[in-house]
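For reference, the chains in residue letters:
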Amino acid sequence: SAVISQKPSRDICQRGTSLTIQCQVDSQVTMMFWYRQQPGQSLTLIATANQGSEATYESGFVIDKFPISRPNLTFSTLTVSNMSPEDSSIYLCSVLTGGYTFGSGTRLTVV
Amino acid sequence: TQLLEQSPQFLSIQEGENLTVYCNSSSVFSSLQWYRQEPGEGPVLLVTVVTGGEVKKLKRLTFQFGDARKDSSLHITAAQPGDTGLYLCAGERDSNYQLIWGAGTKLIIKP
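Residues numbered from 1 in each chain as written. Chains lettered and ligands numbered in written order. Predicted model: local features only at pLDDT ≥ 70, side-chain atom pairs only at ≥ 80, totals over all residues. Heavy atoms only, no water.

So, the overall build of chain B
When helices and strands are counted, chain B shows 0 helices and 11 strands. Secondary structure elements in chain B, listed N-terminal to C-terminal, are β-β-β-β-β-β-β-β-β-β-β. Over its C-alpha atoms chain B spans a radius of gyration of 13 Å, differing by no more than 12% from the 13 Å that the globule rule assigns to 111 residues. Going through the 111 residues of chain B one by one, you find that 43% of them count as buried. Relative to all contacts within chain B whose residues are 6 or more apart in sequence, the contacts with residues 24 or more apart total 54%. (Helix = DSSP H or I, 4+ residues; strand = E, 2+ residues; numbered from the N terminus. Rg over C-alpha atoms; globule rule 2.2 N^0.38 Å. Buried < 20%, exposed > 50% of the residue type's maximum accessible area, 1.4 Å probe, protein only. Contact = heavy atoms within 4.5 Å.)

Remarks on the pattern of salt bridges
Residues and elements named next belong to chain B. Per the stated rule, a full pass over the model turns up 4 salt bridges over all chains. In this structure, the salt-bridge partner of R36 is E38, at a minimum N-O distance of 2.8 Å. Of the residues examined, E38 reaches a relative accessible area of 38% and is grouped as partly exposed. (Salt bridge = Lys/Arg side-chain N within 4 Å of Asp/Glu carboxyl O.)

Notes on the sheet that holds strand β7 (residues 68-72) of chain A
All names here are of chain A. The strand order across the open sheet formed by 4 strands is β1-β3-β8-β7, and the pairing between neighbours is antiparallel. Only two strands of the sheet have a single neighbouring strand rather than two, namely β1 (4-7) and β7. Here the strands of the sheet are splayed against their neighbours by 15° on average, with no regard to which way each runs. Summarising the sheet, strand β3 (residues 19-25) and strand β8 (residues 75-80) pair through 6 bridges and their orientation is antiparallel. Paired with I21 across the bridge in β8 is L78. (Pairing = 2+ DSSP bridges. Axes fitted to C-alpha atoms, helices over the stretch in contact; angles between N-to-C directions.)

Brief notes about the sheet that holds strand β1 (residues 5-7) of chain B
Sheet strands line up and pair through hydrogen bonds in the backbone, either parallel or antiparallel. Residues and elements named next belong to chain B. Reading across the sheet, the 5 strands line up as β1-β3-β8-β7-β6 and stay open at both edges, with antiparallel pairing between neighbours. The open sheet is flanked by β1 and β6 (55-58), the only strands paired with a single partner. Adjacent strand axes in the sheet meet at a mean angle of 15°, parallel and antiparallel pairs treated alike. For β6 and strand β7 (residues 61-65), the ladder comprises 4 bridges, and the chain directions are antiparallel. In the strand pairing of β7, L58 is matched with L61.

Re the side chain of S94 of chain A
Residue and element names in this part refer to chain A. The residue S94 is located in strand β9 (residues 89-97) in this model. The exposure class assigned to S94 is buried, which follows from its relative accessible area of 0%. For S94, the side chain forms a polar contact with the main-chain oxygen of T101, separated by 3.1 Å. Sequence-distant contacts of S94, defined by excluding residues within four places in its chain, comprise I4, M31, M32, F33, Y35, Y100, T101 and F102. (Polar contact = N/O pair within 3.5 Å; in protein donor to acceptor, adjacent residues only side chain to side chain.)

Observations concerning the layout of surface pockets
Here the second largest pocket defines a volume of roughly 370 Å³. Taken together, 22 residues line the second largest pocket, and the ones lying closest to its centre are I90 and R107 of chain A together with E38, P39 and G40 of chain B. Within the residue set of the lining of the second largest pocket, elements represented by two or more residues are β9 and β11 (106-110) of chain A together with β9 (85-92) and β11 (105-110) of chain B. Counting residues per element, the lining of the second largest pocket draws most heavily on β11 of chain B, which supplies 3 residues. Looking at side-chain class alone, the lining of the second largest pocket contains 7 nonpolar, 10 polar and 5 charged residues. (1 Å grid on protein atoms, 1.4 Å probe; cavity = no way out; pocket = protein on both sides within 12 Å on 5 of 7 lines; lining within 4 Å. Points joined across faces, edges and corners; volume = space filled by probe spheres on them. Nonpolar A, V, L, I, M, F, W, Y, C, P; charged D, E, K, R; others polar.)

This is the structure:
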């Protein structure tokens, strides 16, 4: 299975600012997924990012708030824009290579 | 919206006891996956079941897929403190690669 390096692992940000989360995969993958998770709870899919096309966002998530880049088959970024305390959560990237592999997550706290 | 109901949501038991976690749905899945997640990490895939009635064993963990491929269970025998974590089930449909997630079971095994 693939190995994903996700960073930062955690950050504390001021409201109104933006944070960009990066995921680097050790192999080329077509599909990459971005999730949000409250600690101890289930995962909510934010968007699916395929290289060479616009990301597909799930209901309740919009590109202006969560812009995603997918410049090549091994890398993607998710930006959380104009943050508010409600954006405090764990953000995870995932790839499909046989099974699903996840990054270790980014714990974001907005103050 | 397809739902995958996972129960119990929280379980705290003594070392050596047995336990079962359930995931139920009214929808048919092409596969059902079980993950375990520890604090500060992303979910790690434990097993994927794809055939109705399938049973897979992973040491003290037994996974079963219902005959109709709508439900699944995870049974842990002689639980150990190292089994502590958040267990998540996720169902995959044929139509796309997106996963339908259960709510998660927070499991604590007390020594």
